[in-house]
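Secondary and tertiary structure notes
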Amino acid sequence: MPKINGNEIRPGNVLEHDGHLWAAVKVDHVKPGKGGAFAQVEMRNLRNGSKLNERFRSADKVERVRLEQKDQQFLYETDGMLVFMDSETYEQIELPADLLGDRRPFLQDGMTIVVEFYEDEALNATVPQKVTCKIVETEPVVKGQTAANSFKPAILDNGVKVMVPPFVGPDEDIIVNTETMEYAERA
């Protein structure tokens, strides 16, 4: 594994520190008036989700880990476990449903997601950035309501509430950005 200097750490890097795997969430480079500069790194443990704030001087060497990314197709859910199939080898794996966090409702049958592996252990899963959903319930369209930036609440077929523009009605398909959990466009 390649070693990098403490001042080369960037958000999103996966590091091995104290025998655990950590993802760098936030990195601040601090140059105090007295003493050497350092990087204040906020890290999240990839196995249990705990957070850690650590200081790395530029002379400190830290192990950078490369995760293997594989496309996996979602098959079904059973007892809080999500079953995925590797699109190349047709091998099936089970992952805990809480691995997706609050993006779980956007997972649809047959959807292909990216799972990050370290050796043979699945650490992270991401759904596509844009997902098509159907609106189940929303307020009716009000004629003449053209005020800029007026959004109304809508409930999607997966139970998630999003704010949509006034011209969108029930039973319409919309595209939702899964990172911001917001309406993106009509489908």
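Numbers given for residues are sequential positions, taken from 1 along each chain in its written order. The predicted origin of the model limits local features to residues at a pLDDT of at least 70 and limits the giving and counting of side-chain atom pairs to 80 or more, whereas totals for whole chains, interfaces and linings rest on all residues. Side-chain measures here rest on the full set of heavy atoms in the structure, leaving out hydrogens and waters.

Some thoughts on the domain arrangement of the chain
- Domain annotation for the chain reports domain 1 (3–65), domain 2 (68–126) and domain 3 (130–186).
- Each domain's limits were defined by an automated method or a database of domain assignments. Measuring from the centre of the C-alpha atoms in domain 2 to the corresponding centre in domain 3 gives 27 Å.
- Across the contact, six residues belong to domain 2 and 10 residues belong to domain 3.
- For any pair of parts, buried area is found by adding up, for both, the accessible area (1.4 Å probe) each one loses once the two are put together. Roughly 660 Å² of surface becomes buried between domain 2 and domain 3 when both sides are summed, with 67% attributable to carbon and sulfur atoms.
- By the criterion of area lost to domain 3, the three top residues of domain 2 are Arg-103, Pro-105 and Phe-106, representing 76% of everything that side buries.
- Throughout this description, the term salt bridge denotes a Lys or Arg side-chain nitrogen within 4 Å of a carboxyl oxygen of Asp or Glu. Between domain 2 and domain 3 we count zero salt bridges in total.
- Two N or O atoms form a polar contact when they lie within 3.5 Å of each other; inside protein one atom must be a possible hydrogen donor and the other a possible acceptor, and for residues adjacent in sequence the pair counts only when both atoms belong to side chains. In this assembly, domain 2 and domain 3 are joined by four residue pairs in polar contact (both at pLDDT 80 or more). By definition, residues are in contact when any of their heavy atoms lie within 4.5 Å.

Here's the deal with the environment of Lys-26
- Within the secondary structure, Lys-26 sits in strand 3 (residues 20–30).
- In this scheme, a residue with accessible area under 20% of its type's maximum is buried, one over 50% is exposed, and one in between is partly exposed, where area comes from a 1.4 Å probe on protein chains only. Looking at Lys-26, the relative accessible area reads 45%, which means it is partly exposed.
- Residues in contact with Lys-26, not counting those within four places in the same chain, are Gln-40, Val-41 and Glu-42. Working definition: helices are DSSP H or I runs of at least four residues, strands are E runs of at least two. Numbering for both runs from the N terminus.

What to know about the environment of Val-62
- Along the chain, Val-62 falls in strand 6 (residues 61–64).
- You can call Val-62 buried: its relative accessible area is 4%.
- Expressed as a C-alpha distance, the spacing of Val-62 and Gly-6, which sit 56 residues apart in the sequence, is 6.5 Å.
- When residues no more than four places from it in sequence are discounted, the contact partners of Val-62 are Pro-2, Lys-3, Ile-4, Ile-9, Leu-15, Glu-16 and Phe-56.

Topic: the sheet that holds strand 10 (residues 112–118)
- The strand order 9-8-7-10-11 describes an open sheet built from five strands, whose pairing is antiparallel. Bordering the open sheet on either side are strand 9 (92–96) and strand 11 (121–126), each of which pairs with just one other strand. In this sheet, neighbouring strand axes are inclined to one another by 45° on average, regardless of whether the strands run parallel or antiparallel.
- The sheet contact formed by strand 8 (residues 81–86) and strand 9 spans five bridges and is antiparallel. By the bridge assignment for strand 9, Met-81 is matched with Pro-96. At least two DSSP bridges between two strands are needed for those strands to be called paired. Fitting a line to C-alpha atoms yields each axis, with helices limited to the stretch in contact; the angle taken between N-to-C directions then spans 0 to 180 degrees.

Points about the sheet that holds strand 5 (residues 51–57)
- With antiparallel pairing, six strands are arranged side by side in an open sheet as 1-6-2-3-4-5. Only two strands of the sheet have a single neighbouring strand rather than two, namely strand 1 (3–5) and strand 5. Between one strand and the next, the sheet's axes are offset by a mean angle of 50°, whatever the strand orientation.
- Bridging between strand 2 (residues 14–17) and strand 6 involves two bridges; their strand directions are antiparallel. Counterpart to Leu-15 in the pairing with strand 6 is Arg-64.

Remarks on the side chain of Thr-138
- Mapping Thr-138 onto the fold places it in strand 12 (residues 130–138).
- Judged by its relative accessible area of 14%, Thr-138 falls in the buried class.
- In terms of polar contacts, Thr-138 uses its side chain to reach the backbone carbonyl oxygen of Pro-153, at 3.0 Å.
- Not counting chain neighbours up to four residues away, the residues in contact with Thr-138 comprise Lys-152, Pro-153, Ala-154, Val-164, Val-168, Gly-169 and Pro-170.

With respect to the nonpolar core
- Ranked by internal contacts, the top residues of the largest apolar core, which has 26 residues, are Leu-107, Ile-113, Leu-156, Val-164 and Ile-174.
- Looking at this core, the elements with two or more residues in it are strand 8, strand 10, strand 12, strand 13 (152–156), strand 14 (161–164) and strand 15 (173–177).
- When residues of this core are assigned to domains, at least three map to each of domain 2 (68–126) and domain 3 (130–186).
- With residues up to four places along the chain from it excluded, the contact list for Leu-156 reads Phe-106, Cys-133, Lys-134, Ile-135, Val-136, Val-162, Ile-174 and Val-176. What we call a nonpolar core is a set of buried Ala, Val, Leu, Ile, Met, Phe, Trp, Tyr and Cys residues that are connected through their side-chain atoms within 4.5 Å.

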